[in-house]
Amino acid sequence: EPEVTQTPSHQVTQMGQEVILRCVPISNHLYFYWYRQILGQKVEFLVSFYNNEISEKSEIFDDQFSVERPDGSNFTLKIRSTKLEDSAMYFCASSEVRTGREQFFGPGTRLTVL
Amino acid sequence: AQTVTQSQPEMSVQEAETVTLSCTYDTSESDYYLFWYKQPPSRQMILVIRQEAYKQQNATENRFSVNFQKAAKSFSLKISDSQLGDAAMYFCAYISQGGSEKLVFGKGTKLTVNP
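So, how was this worked out
- Residues numbered from 1 in each chain as written.
- Chains lettered and ligands numbered in written order.
- Predicted model: local features only at pLDDT ≥ 70, side-chain atom pairs only at ≥ 80, totals over all residues.
- Heavy atoms only, no water.
- Contact = heavy atoms within 4.5 Å.
- Buried area = accessible area lost by both parts, 1.4 Å probe.
- Salt bridge = Lys/Arg side-chain N within 4 Å of Asp/Glu carboxyl O.
- Polar contact = N/O pair within 3.5 Å; in protein donor to acceptor, adjacent residues only side chain to side chain.
- Helix = DSSP H or I, 4+ residues; strand = E, 2+ residues; numbered from the N terminus.
- Nonpolar A, V, L, I, M, F, W, Y, C, P; charged D, E, K, R; others polar.
- Buried < 20%, exposed > 50% of the residue type's maximum accessible area, 1.4 Å probe, protein only.
- Pairing = 2+ DSSP bridges.
- Disulfide = S-S within 2.5 Å.
- Axes fitted to C-alpha atoms, helices over the stretch in contact; angles between N-to-C directions.
- Core = buried A, V, L, I, M, F, W, Y, C linked by side-chain atoms within 4.5 Å.

Undergrad: I'd like a rundown of the interface of chain B and chain A, residues and numbers included.
TA: With 22 residues of chain B at the contact, the number on the chain A side is 24 residues. Summed over both partners, the interface of chain B with chain A buries about 2000 Å², with 49% contributed by carbon and sulfur atoms. For the interface between chain B and chain A, the tally reads 0 salt bridges. Summed over the shared surface of chain B and chain A, the number is 10 residue pairs in polar contact (both at pLDDT 80 or more). Listing elements by their share of the side of chain B that touches chain A, those giving two or more residues are strand 5 (32–39), strand 6 (46–52) and strand 10 (88–96) of chain B. The element best represented in the side of chain B that touches chain A is strand 5 of chain B, accounting for 4 residues. Classifying every residue of the side of chain B that touches chain A by side-chain character gives 10 nonpolar, 8 polar and 4 charged.

Undergrad: Describe the pairing of strand 10 of chain B, naming the residues involved and giving the relevant values.
TA: Residue and element names in this part refer to chain B. With 8 of 9 residues buried, strand 10 is to be regarded as a mostly interior element. Where strand 5 lies against strand 10, 8 bridges are found, and the strand directions are antiparallel. The residue bridging Gln39 from the neighbouring strand is Met89, located in strand 10.

Undergrad: Requested: an account of the state of the cysteines, with residues and values cited.
TA: Residue and element names in this part refer to chain A. Throughout the structure, instances matching the rule amount to 2 disulfides over all chains. One disulfide in the model links Cys23 with Cys92; its S-S distance is 1.9 Å. Its S-S torsion of approximately -65° makes the covalent link between Cys23 and Cys92 left-handed. On the criterion of sequence distance, the pair formed by Cys23 in strand 3 (residues 19–24) and Cys92 in strand 9 (residues 88–95) is long-range, its members being 69 residues apart. Cys23 sits in the buried class, given a relative accessible area of 1%.

Undergrad: So what's going on with the sheet that holds strand 1 (residues 5–7) of chain A? Which residues, and what values?
TA: Backbone-to-backbone hydrogen bonds join strands into a sheet, with any given pair of strands oriented parallel or antiparallel. Residue and element names in this part refer to chain A. In spatial order, the strands read 1-3-8-7; together these 4 strands make up an open sheet with antiparallel pairing. Looking at strand neighbours, the two that pair on one side only are strand 1 and strand 7 (65–68), the edges of this open sheet. Here the average twist between neighbouring strands, direction ignored, is 20°. With 5 bridges connecting them, strand 3 and strand 8 (residues 75–79) associate as antiparallel partners. The residue bridging Cys23 from the neighbouring strand is Phe75, located in strand 8.

Undergrad: Give me the nonpolar core: which residues, what numbers.
TA: Core analysis: the biggest nonpolar cluster contains 26 residues, and Tyr25, Trp36, Phe75, Leu77 and Tyr90 of chain B have the highest contact counts within it. Listing elements by their share of this core, those giving two or more residues are strand 3 (19–21), strand 5, strand 6, strand 8 (64–69), strand 9 (74–79), strand 10 and strand 12 (109–114) of chain B. Take this core: its biggest share by element is 4 residues, from strand 10 of chain B. Those residues in contact with Leu77 of chain B that lie beyond four places of it in its chain are Val19, Thr20, Leu21, Trp36, Val48, Ile49, Phe64, Ser65, Val66 and Tyr90 of chain B. Core analysis: the second largest hydrophobic core is formed by 23 residues, Ile38, Phe61, Val67 and Ile79 of chain A among them.

None of the figures reported here should be taken as evidence of function without further support.
This is how it looks when you write it as structure tokens:
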């Protein structure tokens, strides 16, 4: 069964460093998403991406964040200068349609900022 | 803005018994979808069950069923004949039909299944 994959599973970085989190969505899906979950808190929406551009973003998704689909399979989240409060679990998801159907989630990348 | 509340941080159930997980939500929209996602330890979230708001009939998927009360904005999940493999975090989630495409999640309920 097709699934969303994410790499790495765990990333440790120093404050101020750039990180890139990678995701491979399900191949026939057109809509892509990033969510994050700070330990003990809710899963929060960051951004959605369709047709090579951001379709929606939350207040969390400021200028430090960017997303890209560099080729036909990968979908990346870049954090330019990490802060301690960026430590969280980051989930990628993809969907065939815009809304109403299941968003398929990856296993997540645990980001630890020291 | 829409919010989803899961008031039970943890629940436990005996194997083969039935358990109900609670979820309430707040929205001014009339068309939306509700989901229950399951996240086993160190595994990805998978969809358990989905409910369209315009449908009065409660969704069921094998041992999983929901009690959808639109007027009360309540969406509880019932797991019958609980199995050890049901142990996981369960997240209730909301998505608008025509507006925002983001899922809005509750904080989750950790379900333990005792043998």
